[in-house]
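An overview of the molecular structure
For reference, the chains in residue letters:
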Amino acid sequence: MPATQRSTKSQPRKPGSQSALRHLNQQRIIECLLSGPSTQAELSRQTGLSTATVSNIVKIMQDAGLVSTEPTTSSGRRATNVRLNSNGAVAVGIDFGRRHLRVVLASLGYHVIAEDFIELPLGHHAEEGIAAAVRLLGRLLAENGIDPSAVVGAGAGIPGPIDRRTGTVAQGAILPEWVGIDILHRLEEALNCPVFVDNDANLGALSEVTWGPHSGVSNLMFLKIGSGIGSGLILNGVPYYGNVGITGEIGHATIHEHGLMCRCGNRGCLETIASTTTMIELLGRGKETSLTPQDIVRNCLAGDSATQRVVDDAGLAVGRALGNVANLINPEVIVVGGPLAGLGDLLLNPIRRGLVRHAVPVVGETTHLAMSSLGARAEALGAAALVFQQAGITGR
């Protein structure tokens, strides 16, 4: 899967440019090193690059902390052995949520070194969330004996649309306090490393085809059901961003034309029917304490009839919206993620019924519906995958 652009202001590389050629050659070398250390001469033979080109690229990668070298002998001659670093080159994945923050540290071999999450106050501002991320990242690095200089980049997921023209959080985000913020540069200044930003649902889709079990799938949709509802798309093997980067806003598909007002300004959007916010509101009426998504999962699994009815209604509405999307893009797999993933078939079954009912028969029958196996880590792992892609590592 090709690398995601670091900044929405960056211009696409020209296929024949020196920078594009260097990036391609670096990717070829890294792919060779994934199977184990090699000498520079072996890398030259495997890639077809000249020994001088390999030497120059290895020097660049070594300066960036991606590889380490050591003298050795090969066929009785002096040689330089090259290996991919593990903790010496760390990718950071950050998932900012409406009420939570998760940080993952991963090696470039797609191995999770450490992770943790904390709760954030509802309605927190960008500066508050960023400061919390800096503290949590610093603690994880210290606890695992990793020098901050080993961080080669950080990916960050935001629960809302990112305008790729400006790098700002666009209107419609679950975190309205973040709208208009140039999150890319704010994070780069705070973390002091290259930063790659994307919508959290897009990162969920990316995680499923990198960390998850769907690496061989070229057309996949990741649906996140949480405080809001959004989706990420992998079409023909690459993330789909559309014109300005605002895609997958399935949560604002109209289900009931005269339904409740949505935060986007329209009526009857899917979010007003099937988000966890709506479920909590429906199930919390008359209760002294407010429910959480975990309560919904627990009560539904325990057989509470009211919770099961609310989940079933939500699933049918989601399936109806998915049917329309499936008719348009014909995905091979639709993966459902978010805090309700623990419901399993209790949520998937009504979604499947709605999908089959509203999709063209052959599309509904051939679209595989699955619950994410990555759980609450999906978006943070996808954020780390952004860094992997920039390093030229496309999969495990």
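The chain appears in an unreviewed UniProt entry as ROK family transcriptional regulator from Paenarthrobacter aromaticivorans.

**Overview of the overall build of the chain**
Secondary structure summary: the chain contains 13 helices and 15 strands in total. The globule rule puts the C-alpha radius of gyration for 396 residues at 21 Å, and the 22 Å found for the chain is close to it. Taking the principal axes of the C-alpha coordinates as reference, the chain spans close to 80 × 45 × 40 Å. Within the chain, buried positions represent 54% of all 396 residues. Partitioning the contacts of the chain with sequence separation of at least 6, the portion at a separation of at least 24 is 63%.

**With respect to the pattern of salt bridges**
Evaluated as defined, the whole model comprises 14 salt bridges. Close ionic contact of Arg165 with Asp163 constitutes a salt bridge, the shortest N to O distance being 2.7 Å. Residue classification places Arg165 among the exposed residues on the basis of a relative accessible area of 54%. With a closest N to O distance of 2.9 Å, Asp312 and Arg353 form a salt bridge. Of this pair, Asp312 sits in helix 10 (residues 305–329) while Arg353 sits in helix 11 (residues 345–358), and the two are 41 residues apart along the sequence. A residue is classified by how much of its surface remains accessible, and Arg353, at 42% relative accessible area, is partly exposed.

**Remarks on the nonpolar core**
Core analysis: the biggest nonpolar cluster contains 44 residues, and Ile29, Leu43, Val67, Trp211, Leu220 and Phe388 have the highest contact counts within it. Listed by contribution, the elements that provide at least two residues to this core are helix 1 (18–33), helix 3 (51–63), strand 3 (77–84), strand 5 (100–107), helix 6 (200–210), strand 11 (220–225), strand 14 (333–337) and helix 13 (378–390). Ranked by the residues each element gives to this core, the list is headed by helix 13, at 9 residues. Aside from chain neighbours lying at most four places away, what touches Ile29 is Leu43, Thr47, Leu49, Val54, Ile57 and Met61. Residues Ile229, Ile255, Leu347 and Leu348 belong to the second largest nonpolar core, which totals 38 residues.

**Some thoughts on the sheet that holds strand 1 (residues 38–39)**
Reading across from one edge, 1-3-2 is the order of the 3 strands in this open sheet, with antiparallel pairing throughout. In the strand order of this sheet, the two ends are held by strand 1 and strand 2 (67–74), each with one partner.

**Some words on the sheet that holds strand 4 (residues 90–96)**
If you walk across this open sheet you meet the 5 strands as 6-5-4-7-10, and the pairing is mixed. Edge positions in the open sheet fall to strand 6 (111–119) and strand 10 (195–199), since each of these has one partner strand only. The mean inter-strand angle of the sheet, taken between neighbouring strand axes irrespective of direction, is 15°. By the bridge criterion, 6 bridges tie strand 4 to strand 7 (residues 151–158) in an arrangement that is parallel. Following the sheet pairing, Ala91 is matched in strand 7 by Gly153. Against the sheet, helix 4 (residues 126–143) makes contact with strand 4, strand 5, strand 6 and strand 7, and its axis sits at roughly 40° relative to strand 5, the strand it touches most. Most of the contacts of helix 6 go to strand 10, to which it runs at about 100°, and overall it touches strand 4, strand 7 and strand 10.

Conventions and cut-offs
Residues numbered from 1 in each chain as written. Predicted model: local features only at pLDDT ≥ 70, side-chain atom pairs only at ≥ 80, totals over all residues. Heavy atoms only, no water. Helix = DSSP H or I, 4+ residues; strand = E, 2+ residues; numbered from the N terminus. Rg over C-alpha atoms; globule rule 2.2 N^0.38 Å. Buried < 20%, exposed > 50% of the residue type's maximum accessible area, 1.4 Å probe, protein only. Contact = heavy atoms within 4.5 Å. Salt bridge = Lys/Arg side-chain N within 4 Å of Asp/Glu carboxyl O. Core = buried A, V, L, I, M, F, W, Y, C linked by side-chain atoms within 4.5 Å. Pairing = 2+ DSSP bridges. Axes fitted to C-alpha atoms, helices over the stretch in contact; angles between N-to-C directions.

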